[in-house]
Amino acid sequence: MNSSNDEDRLNGQVNRLSKIAFPALLTLYFTILLMWSWRKWPDILVDFGRELYVPWQISSGKILYRDISHIFGPLSQYANALLFYLFGPSYTLIIVMNIIIVALFLFLLYTIIKEACSELTALISCAVVISIFSVSQLSSLGNTNLISPYSHEATHGILLSLIMMHQLWRFYLKQFNHNLVMAGFTFGLIFLTKVEIFFSALMVVVFFFFLKLLSCKNAKGMIGTTVVFFASSVIPLFVFGAYFVSVMPVNHALQAVLGSVINLFKTPGLANSKFYVRAMGFDDAIGNLMKMVLSATIVIVFLTAILFICNALKKHRDRLLFTFLLSMMLIAVISLVLLVKPREIGRPLPILSFMASVFLFYLYLKEKKKDQQKANRYIPVLLWSVFSICMLWKMILFCRITSYGFYLVLPATVLMIVMLIWYVPEWFDTRYSGGSIFRIAMVIIIVIFSIKFLQISDGYYKSKILPVGFIGDRILTEHPQNNKIRGFITKQAVEWISDNVSDKETIVVLPEGVMINYLTRRVNPTPYINFMVPEMLIYGENTILDAFKNNSPDYFVIVHKDTTNYGFEFFGQNIRYGQKIMKWVNNFYFPVQQFGYEPLTQKKMFGIKIMKRNE
């Protein structure tokens, strides 16, 4: 009896210690990785400049969609613009706010997983989010992390989705209307971010009401719940709609609120462009499908083998057999680590996520028959599993953690960790034994792969020691060694413009590089700030050219950009991509300064040319 009490007391002390130690470890780990990667997160030219320039212009009095073009929802740009309005434009301010956003995301994720599963599962899940998704650079392009994302709509949308799921779960448990109103309001905010995140959140909402329907005894109550949720979701749309109506015609205001959805449907060529077809894996649909099925099969066979080896290790006490089985498991783990390329690790996720969702639903229904209260612990993970599956549709046949995977694959990665560390070993122990050994093996594998991903980021970050920008806008980019001259040339161009172009004069950067506008605080006089293939398809080259003619900038800055991934080698060389614009620029502007090679002529020959308007 005393022995049992001592064991309970010891377990209680361990649990209390973990409640303090695990969050403290995560905080320390996050802080160390922030220091290691400090200011190295964004790309110096691609995408992230928009995330600074647009809020700066809004905070200066311009209106999104009227004075500045934008292909996503308005929420994130106005949120960052408010920060710039209150404290002044600064990249440092964005860093601080994004650290707060990631910290809030980790706090909510940890809380949910801890309550639904265990504190160890929550610890490992959050540590992976920090290692792989928060501060990483897993390809030659930056911006693929939560601290400096290519689009704040992505990170804001992910956080809002997690808040919505948390509030839906709380409503399911307690039936408090304020949780339902909060969930609906958050759902409306998600609509104002990115289409793929809203679509995924919508599927979560549909699934949640399906779960409610399974346990609903009052049809009128179900109708009331639905009305309250969707009425709450309209509030953010109404607020933004009222604002836009006050500054632009009603039809334009409607387009502003619905802009991200409208752009998707009014530009059919956008989804069929080479870049998005390749991103989704449809450039080799059969080949990518076969790789996905094969990789999923290998993973399932591997995990099954490990499970039964763990079962044998637990059951058999023979030292020779134990040594043999343990050696087999170690060989399997080492083989996995050595053979699987980190960049290919995401391929089986669509199949595995679907299987996980079905398995969780089976466990939920089974538990529901016995104990509704225990079954409720499955709700948040079930909602997250639906969200995970839907978020993968943009890379469905070529799922990967690199590139846009930093937010599209994040939910599925967390789902897999939760399954491997909690649900699979717990379920296995109800039929066999060895679940705890399997859990340890999975933790080791996850830690090893996290280290490998950190090594990839470190390979890129080691060369990022060249500062570009001034004071609070400083970004570290590649030092001009090993022919990495892109950052150095951009630095030269920024400094030349700052010294030689009046702050009253205007510049346009072609085809991409609005970061130069922001760093030099030189305004683009037209609504159009990016001239990559998607923007050209959405707005049309003739419309953009008319804007240049009607409000000509003082300078054009031509930046080298290889656009082969979009189906065109360079901007301005094809009648379908920028040729009219470049012809007009060459007719009415003359070169005044060039850094590096002649831009838009040869691959891997980076250069920037500055052209001034003929008087």
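Residues numbered from 1 in each chain as written. Predicted model: local features only at pLDDT ≥ 70, side-chain atom pairs only at ≥ 80, totals over all residues. Heavy atoms only, no water.

Would you mind showing me how to read the overall build of the protein chain here?
The secondary structure content of the protein chain amounts to 26 helices and six strands. At 26 Å, the protein chain has a C-alpha radius of gyration in line with the 25 Å of a compact globule built from 615 residues. Seen through its C-alpha atoms, the protein chain measures out along the principal axes to roughly 95 × 60 × 45 Å. Counting every position in the protein chain, which comprises 615 residues, the buried fraction comes to 56%. (Helix = DSSP H or I, 4+ residues; strand = E, 2+ residues; numbered from the N terminus. Rg over C-alpha atoms; globule rule 2.2 N^0.38 Å. Buried < 20%, exposed > 50% of the residue type's maximum accessible area, 1.4 Å probe, protein only.)

It is not clear to me how the pattern of salt bridges should be interpreted in this structure. Could you clarify?
For side chains bearing opposite charge, pairing can occur when the charged atoms are close. Counted according to the given criterion, the structure contains 14 salt bridges. Close ionic contact of Arg-439 with Glu-426 constitutes a salt bridge, the shortest N to O distance being 3.1 Å. Residue Arg-439 is located in helix α21 (residues 435-461), and its partner Glu-426 is located in helix α20 (residues 410-429); the two are separated by 13 residues in the primary sequence. Counted as one network, the salt bridges with shared partners bring together Asp-47, Arg-50 and Glu-51. (Salt bridge = Lys/Arg side-chain N within 4 Å of Asp/Glu carboxyl O.)

I'm lost on the packing of helix α8 (residues 195-215) against helix α16 (residues 349-370) in this one. Help?
For any two helices packed against each other, the geometry is given by the interaxial angle and the distance between the axes. Between α8 and α16, the least distance of the axes is 13 Å, while the angle of their chain directions is 20°. When the axis of α8 is compared with that of α16, the two are roughly parallel. At the point where α8 passes α16, the crossing takes the right-handed sense. Within the contact between the two elements, α8 uses Phe-207, Phe-210, Leu-211, Leu-214 and Ser-215 and α16 uses Phe-361, Tyr-364, Leu-365 and Lys-368. For the contact of α8 with α16, the per-class residue count stands at seven nonpolar, one polar and one charged. (Axes fitted to C-alpha atoms, helices over the stretch in contact; angles between N-to-C directions. Parallel < 35°, antiparallel > 145°, perpendicular 65-115°, else oblique. Left-handed = near helix turned anticlockwise from the far one by under 90°. Contact = heavy atoms within 4.5 Å. Nonpolar A, V, L, I, M, F, W, Y, C, P; charged D, E, K, R; others polar.)

Explain the packing of aromatic side chains here, please?
A ring pair, where both rings are aromatic, is described by two values, the distance of the centres and the angle of the planes. Scanning all chains against the criterion turns up 46 aromatic pairs. Here the aromatic rings of Tyr-78 and Phe-244 are separated by 6.0 Å at their centres, their planes lie at 75°, and the arrangement is edge-to-face. Here Tyr-78, found in helix α3 (residues 75-87), pairs with Phe-244, found in helix α9 (residues 219-247); they are 166 residues apart in sequence, far enough to count as distant. Like Tyr-78, the residue Phe-244 is buried in the burial classification. Here the aromatic rings of Phe-359 and Trp-427 are separated by 5.6 Å at their centres, their planes lie at 90°, and the arrangement is edge-to-face. Of this pair, Phe-359 sits in helix α16 while Trp-427 sits in helix α20; the two residues are 68 residues apart in sequence, bridging distant segments of the chain. Linked through ring pairs, Tyr-172, Phe-187, Phe-191, Phe-198, Phe-208, Phe-209, Phe-229 and Phe-230 together constitute an aromatic cluster. Its guanidinium or amino end placed over the ring of Phe-398, Arg-400 lies 4.4 Å from that ring's centre, counting from NZ or CZ. (Phe/Tyr/Trp six-rings, centres within 6.5 Å; stacked < 30°, edge-to-face > 60°. Lys NZ or Arg CZ within 6 Å of the ring centre and 35° of its normal.)

Explanation requested: the pairing of strand β3 (residues 507-510) in the structure shown.
One face of the sheet, then the other: side chains in a regular strand alternate in exactly this way. Of the two faces of β3, the one lined by Ile-507 and Val-509 and the one lined by Val-508 and Leu-510 are each fully buried. Pairing geometry for β3 and strand β4 (residues 555-559), over four bridges, is parallel. Counterpart to Leu-510 in the pairing with β4 is Ile-558. (Pairing = 2+ DSSP bridges.)

Hey, could you run me through the sheet that holds strand β6 (residues 607-613) in this one?
Two modes of strand pairing occur in sheets, parallel and antiparallel, and in both the strands are linked by backbone hydrogen bonds. An order of β3-β4-β6-β5 is seen for the four strands of this open sheet, with the pairing classed as mixed. This sheet does not close on itself; its edge strands, each paired only once, are β3 and β5 (589-596). Pairs of neighbouring strands in the sheet enclose a mean axial angle of 20°, with direction left out of account. Along the sheet, helix α22 (residues 486-500) contacts β3, β4, β5 and β6; its crossing angle with β5, the most-contacted strand, is approximately 135°.

What should I look at first to understand helix α4 (residues 91-116) in this one?
Spacing of three or four residues puts side chains on the same side of an α-helix, whose turn is 3.6 residues. Taking 1.5 Å as the rise per residue, α4 with 26 residues should run 38 Å; its terminal C-alpha atoms sit 37 Å apart, in good agreement. A distance of 3.1 Å separates the backbone nitrogen of Thr-92 from a side-chain oxygen at the start of α4, and that oxygen is part of Ser-90. (Expected span 1.5 Å × (residues − 1). Polar contact = N/O pair within 3.5 Å; in protein donor to acceptor, adjacent residues only side chain to side chain.)

Looking at this model, I keep getting lost on the nonpolar core. Mind explaining?
Burial of nonpolar side chains together is a common tendency in soluble globular proteins. Of all hydrophobic cores here, the largest spans 202 residues; its most connected members are Met-164, Tyr-407, Tyr-423, Leu-510 and Ile-516. Once you skip the residues sitting within four places of it in the chain, Met-164 turns out to touch Ala-183, Thr-186, Phe-187, Ile-190, Ala-201, Val-204 and Val-205. (Core = buried A, V, L, I, M, F, W, Y, C linked by side-chain atoms within 4.5 Å.)

Where do I start with the environment of Val-381 in this structure?
Checked against the element boundaries, Val-381 lands in helix α18 (residues 379-391). Along the sequence, Val-381 and Met-165 sit 216 residues apart, while their C-alpha atoms lie 9.3 Å from each other. With residues up to four places along the chain from it excluded, the contact list for Val-381 reads Ala-116, Cys-117, Leu-360, Leu-415, Val-418 and Tyr-423.

What's the story with the side chain of His-70 in this structure? I'm lost.
Within the secondary structure, His-70 sits in the loop between α2 (48-59) and α3. Within the local environment of His-70, its side chain forms a polar contact with the side chain of Glu-153, the two groups lying 2.9 Å apart.

Can you help me understand the packing of α3 against α4 in this one?
Two numbers describe how α3 lies on α4: the axes approach to 10 Å, and their chain directions differ by 125°. On the basis of the axis angle, α3 is oblique to α4. Handedness of the crossing formed by α3 with α4: right-handed. Of the residues in α4, those touching α3 at Asn-80, Leu-83, Phe-84 and Phe-87 are Leu-93, Ile-94 and Met-97.

Sorry, what's going on with unusual backbone geometry here?
Phi is mostly negative for residues that are not glycine, and the peptide bonds are mostly trans. Following Leu-510, the chain continues to Pro-511 via a peptide bond in cis, the omega torsion being -15°. Relative to the assigned elements, Pro-511 resides in the loop between β3 and α23 (515-520). The phi dihedral of Arg-521 is positive, around 55°, even though this residue is not glycine. If you trace the backbone, Arg-521 turns up in the loop between α23 and α24 (533-539).

So what exactly am I meant to see when it comes to a positive patch on the surface here?
Together, Lys-366, Lys-370, Lys-374, Arg-377 and Arg-431 make up a positively charged patch on the protein surface. Tracing the backbone through its elements, the reader meets Lys-366 in helix α16. On the basis of relative accessible area, Lys-366 is assigned to the partly exposed category, the value being 35%. (Patch = residues over 30% accessible without salt bridge, like charges linked within 9 Å, V, L, I, M, F, W, Y side chains within 5 Å. Areas by Shrake-Rupley, 256 points an atom, 1.4 Å probe, with all protein chains shown as cover. Lys, Arg positive; Asp, Glu negative; His and termini not counted. Charge placed at Lys NZ, Arg CZ, Asp CG, Glu CD.)

Got a minute to help me understand the environment of Phe-133 in this structure?
Structurally, the position occupied by Phe-133 is in helix α5 (residues 119-134). Once the C-alpha coordinates of Phe-133 and Phe-588 are considered, the two residues, 455 residues apart in sequence, prove to be 45 Å apart.

Even after reading the chapter, I still don't get the side chain of Ser-125, so can you show me in this structure?
Its place among the elements puts Ser-125 in helix α5. Accessibility expressed as a relative area gives 0% for Ser-125, which makes it buried. What Ser-125 contacts, discounting residues up to four positions off in sequence, is Ile-113, Val-414, Ile-417 and Val-418.

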